[in-house]
Every structure is written in structure tokens, then in C-alpha cells.
Amino acid sequence: MNESAFIEALRLLPTHPAARGLADDCAVLDLGSETLILTHDMLVEGTHYLPEADMADVAWKLVATNLSDLAAKGAEPVGVLIGHMLGRDDERFVTGLAKVLAHYEVPLLGGDTVAGKGTRTHGLTAIGRATCTPVPARDGAQPGDTLWLVGEVGAAMLGFETLRDGTGADQAAYSRPHARVKEGQALAPLAHAMMDVSDGLLLDAFRMAEASEVTLAIDGAQVPVAAPERRLECLTWGDDYALLAALPQGTEPPCQATRIGTVEPRGFAPLFLDREPVLNAAGLGYSH
Ligand SMILES: Nc1ncnc2c1ncn2[C@@H]1O[C@H](COP(=O)(O)OP(=O)(O)OP(=O)(O)O)[C@@H](O)[C@H]1O
Ligand SMILES: Cc1ncc(C[n+]2csc(CCOP(=O)(O)O)c2C)c(N)n1
Ligand SMILES: [Mg+2]
């Protein structure tokens, strides 16, 4: 079974409304006076980070990738719980963890520690509090909206290649990505739909289009990319942790963002890239 088949199978189980049909970045749990935003993301050695990675970077990335999902819902981080598998350089992991938690001013609430023989795996549950309601979902994009991107895409790909090839160039976008928490909070009250871009802009845009039952039309030349000569790879590699938001026509984003396209009534394709229809998700991004 691959990732999407497994999630499809989970969607057949009875789920709570907070699960949003297992089709959003986070669970959104309305407790009456507060709305909790919950997410869990994992990193696996060899899949998400190189086997020789600095474990301080791995801790940073584990926290930042989860906070990015909270950011996509405009949430204020409340705390994190960490699932840790002991291994090489645990002290470095703790050092990196201290740094990233201080950077985002988010406390460690708990977790679990195990020893195991298989591939090293790290889990993190992030808990946030909604800063506005309704909390933007992936499924709210409406025809007439404009499509905005906070951040650029492709820098993580370049950072990964730098590390893999040992060229010594800048690799921070890959090893220490930034969760756009403040921008997410600024956009959330205005956005009809919002998600973070973790698996590649085109794949995540395709998912927003499918969830919202609209067509997204992206102008590839408008998308800020780290390597213009490799634009399509930048649009599909992933690991960028940008935010993708659909804003009502005429609404200016209250933070730095680039207009990359429009939302159209659902046509025969979920996505148009430079006026070319994209009919299925194959090759649009990273999937397990
Ligand atoms: N093992 C699982 N158990 C329960 N829900 C799951 C599981 N795996 C994925 N999901 C749910 O499926 C939906 C889509 O998950 P996905 O991992 O694609 O989203 P994401 O966390 O935004 O992406 P990424 O992992 O790239 O950051 C989410 O609602 C997620 O909670
Ligand atoms: C060593 C190494 N090889 C390849 C990649 C590329 N990669 C792996 S997972 C992923 C998307 C986000 O993951 P998820 O959907 O699990 O959150 C991407 C772009 C990497 N990061 N490290
Ligand atoms: Mg996400």
C-alpha cells in the first residue's frame, strides 16, 4: 500500500468532525471556548534526512515541519510532544531541540523515548490554539479567489543537493526550514482556503483544488523559485514549507506574499499550469 491508498483506507473508518475527513493539514477540535489545532508529522532517516545529518538539524526540522502545519491553520503553537528513537548524537538532537523550541517560543510538553533496531524514525505531535474561527481548511477555495504563496519553492531541493554532493553551499532551507507562523496567523482570518506546501507546490495545489472542487490556474512564471532554470523541479520537489492561500478577489495579503494564480469554477482539470491542464497527481510532487 502507498501513502495515498493507506489514507484513503483510513477515510473509510468512522472519524470525528475534528478530523476534517483526514483531508487537511491538522485536526481542528472545537472545545467550546477554545479550538485546538492538532497535527503529527514524522521524519525518517534516509527518507527525510541524510544518514550523516547533524541531529541538531533533524530536531529543528522535526519541530518546524509540524509548526508549518499549524501555521497553515493560523494557529498559535501551544506545545509539542516528541517520539524519540535513541541513536547517534542524541546530545546534538537535544541541542537542536532547545534552539528550535526557543526560536518559536513553544514548550516541550512530553513524549516518549525508545530504542529500536530498524531505521531511525522521529515523531512529533504539535498542539496549537486557533487564533480565528472559522479555521481555514483546504476545501474552501472559491471561484474568483486569487491564489497567493508565502515564501519561495525550490530552495530545499538545492539545499539537499548541496548536502548530498558536499559542495559546501547554503543548505539551511533544507536542513532548517522555517515555519511561517506569523504569516499564517495574519492570513487565516482572510483566507477562504489555506495549506502548507510540503510535498511540492503543484501536488499541494492539486489537493486544494480537489478538496475545494474548483480549478486552480497557476502562472508558473509568477512563482518565486530558487532556481529559475529548473522551474518545474522547484514546483514539484517539495520540503519548502511555504503557505498557499486562496484569498477573496480584491483582498491584499497582510504579509509578504506573491500572487501566483486564480481560482476558477471546476472545469475538466483540477489544475492548470500555464494554461495547460493537469489531469492527475502523478509527478506533481513527493509521495511515499
Ligand atoms: N497514519 C495516519 N493516521 C491518521 N490520520 C492520518 C495518518 N496519515 C495521514 N493522516 C491524515 O491524512 C491527512 C493528510 O495527511 P498528510 O500527511 O498528507 O498531510 P500533511 O500533514 O499536511 O502533509 P505532510 O505530511 O506532507 O506535512 C491529514 O488529515 C492527516 O492527519
Ligand atoms: C534524504 C532525503 N531524500 C529526499 C527528500 C525529499 N523528500 C522526502 S519527504 C518530502 C516531502 C515531505 O515529507 P512528508 O510528506 O512525509 O511530510 C521530500 C521533498 C528528503 N527530504 N531527504
Ligand atoms: Mg500540511
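Because the structure is predicted, anything quoted here is derived from the model rather than measured.

Chemist: Explain the UniProt feature "binding site: Mg(2+) 2" (unreviewed entry) in the protein to me, and be specific about the residues and the numbers.
Modeler: On the UniProt side, "binding site: Mg(2+) 2" (unreviewed entry) is annotated at positions that read D41 and D69 here. With the annotated positions falling across 29 residues, the maximum pairwise C-alpha distance of 8.9 Å places them together in a single cluster. Structurally, D41 is set in strand β2 (residues 35-44). Relative accessible area serves as the criterion here: at 29%, D41 is assigned to the partly exposed category.

Chemist: So what's going on with helix α3 (residues 90-104)? Residues and values would help.
Modeler: In an α-helix, one turn spans 3.6 residues, which is why side chains three or four residues apart end up on the same side. Over its 15 residues, α3 runs 21 Å from end to end, which matches the ideal 21 Å to within 8%, given 1.5 Å per residue. Three or more residues of α3 are buried, namely D90, F93, G96, L97, V100, L101 and Y104. Projected onto a plane normal to the axis of α3, the buried residues spread over an arc of 130° and lie on a single side. The exposed set on the far side of α3, more than 90 degrees from its buried face, consists of E91, V94, K99 and A102. Residues of α3 that are buried make contact with α2 (55-71), β3 (75-85), β4 (108-114), β5 (121-130) and α6 (181-187). Backbone geometry just after α3 places E105 at a positive phi near 50°.

Chemist: Explain the site of ligand 1 residue by residue, including any values.
Modeler: The environment of ligand 1 is made up of F6, I7, L10, L22, A23, D24, D25, D41, D69, R138, S198 and D199. The separation between an oxygen atom of ligand 1 and a polar main-chain atom of L22 is 3.5 Å. Here an oxygen atom of ligand 1 and a backbone polar atom of D24 are 2.9 Å apart. Its free accessible area being 610 Å², ligand 1 has 67% of it covered by the protein chains. The leading source of residues in the shell around ligand 1 is helix α1 (residues 3-11), at three residues. Of the residues belonging to the shell around ligand 1, the class tally is five nonpolar, one polar and six charged.

Chemist: Please set out the coordination of the magnesium ion (ligand 3) residue by residue, giving values where relevant.
Modeler: Surrounding the magnesium ion (ligand 3) are the protein donor atoms D25 (OD), D69 (OD) and D196 (OD), at 2.0 to 2.1 Å. For D25, a relative accessible area of 7% translates into the label buried. On the basis of relative accessibility, which here comes to 6%, the residue D69 falls in the buried class.

Chemist: Tell me about the sheet that holds strand β1 (residues 27-30), residues and numbers included.
Modeler: Strands belonging to one sheet form pairs held by backbone hydrogen bonds; the direction of such a pair is parallel or antiparallel. Taking strand neighbours across the sheet as the criterion, the five strands line up as β1-β2-β5-β3-β4 in an open arrangement whose pairing is mixed. In this open sheet, the two edge strands, each paired with only one partner strand, are β1 and β4. Ignoring strand direction, the axes of neighbouring strands in this sheet form an average angle of 20°. Taken together, the six bridges between β3 and β4 define a ladder with parallel strand orientation. Opposite H84, over in β4, you have T113 as the bridge partner.

Chemist: An account of the sheet that holds strand β11 (residues 271-273) is needed here, citing residue identities and associated values.
Modeler: Spatially, β7-β9-β6-β10-β8-β11-β12 is the arrangement adopted by the seven strands of the open sheet, whose pairing is mixed. Sheet topology places β7 (193-197) and β12 (276-278) at the edges, where each strand pairs with a single neighbour. Between one strand axis and the next, the sheet turns through 25° on average, direction left out of account. Where β7 and strand β9 (residues 242-247) come together, five bridges link them in antiparallel fashion. When the bridges of β9 are listed, D196 appears paired with L243. Packed onto the sheet, α2 meets β7 and β9 and runs at close to 170° relative to β7.

Chemist: Would you mind going over the nonpolar core in detail, with residue names and values included?
Modeler: Core analysis: the largest hydrophobic core is formed by 47 residues, its most contacted members being I37, L67, L97 and Y104. Here the element with the most residues in this core is α2; it accounts for ten residues. Each of domain 1 (3-130) and domain 2 (146-278) gives at least three residues to this core. Aside from chain neighbours lying at most four places away, what touches L97 is A59, V63 and I82. Judged by nonpolar contacts, the second largest core, of 32 residues, contains V153, V197, F206 and C234.

Chemist: Break down the pairing of strand β10 (residues 258-265) for me, with residues and values.
Modeler: Regular strands place their side chains on alternate faces of the sheet. Pairing of strand β6 (residues 146-150) with β10 involves four bridges; the strand directions are antiparallel. Directly across from T146, in β10, lies its bridge partner T262. Where strand β8 (residues 214-218) meets β10, five bridges bridge the pair, whose relative direction is antiparallel. Across the sheet, the residue bridging to V214 is P265, located in β10.

Parameters and conventions
- Numbering of residues starts from 1 in each chain and follows the order in which that chain's sequence is written.
- Here chains are named by letter from A upward and ligands by number from 1 upward, in the order in which they appear as written.
- The predicted origin of the model limits local features to residues at a pLDDT of at least 70 and limits the giving and counting of side-chain atom pairs to 80 or more, whereas totals for whole chains, interfaces and linings rest on all residues.
- Only hydrogens and water are set aside; all other atoms, that is, all heavy atoms of the structure, feed into the side-chain values.
- UniProt positions are given in the numbering used here, feature names are shortened, and annotations may be inferred rather than shown by experiment.
- Labels follow the DSSP assignment, with helices taken as runs of H or I lasting at least four residues and strands as runs of E lasting at least two, numbered in each case from the N terminus.
- Buried means the residue's accessible area, taken with a 1.4 Å probe over protein chains only, is under 20% of the maximum for its type, while exposed means over 50%, and partly exposed covers the values in between.
- Take the residue count of a helix, subtract one, and multiply by 1.5 Å to get its expected span.
- It is the directions from the helix axis to the C-beta atoms whose arc is reported.
- By definition in these notes, contact holds between two residues if any of their heavy atoms fall within 4.5 Å.
- By convention in these notes, a residue is near a molecule or strand provided one of its non-hydrogen atoms lies within 4 Å of it.
- For this analysis, a polar contact is any N or O atom pair within 3.5 Å, provided that within protein one partner can donate a hydrogen and the other can accept it, and provided that sequence-adjacent residues contribute only side-chain to side-chain pairs.
- All accessible areas in this document rest on Shrake-Rupley with a 1.4 Å probe, and a residue is counted as covered only by the protein chains that are shown.
- Each residue is assigned to one of three groups, with Ala, Val, Leu, Ile, Met, Phe, Trp, Tyr, Cys and Pro labelled nonpolar, Asp, Glu, Lys and Arg labelled charged, and all others, Gly among them, labelled polar.
- Because water is not among the atoms used, a metal site may look incomplete, as its donors are only the N, O and S atoms within 2.8 Å, or 3.2 Å for Na, K and Ca.
- Any two strands with at least two DSSP bridges between them are considered paired.
- To get an axis, a line is fitted to the C-alpha atoms, and for a helix only the part in contact is used. The angle between two axes follows their N-to-C directions and goes from 0 to 180 degrees.
- Take the buried Ala, Val, Leu, Ile, Met, Phe, Trp, Tyr and Cys residues and link them wherever side-chain atoms come within 4.5 Å; each set so joined is a nonpolar core.
- In this document the domain limits rely on a domain assignment from an automatic tool or a database.

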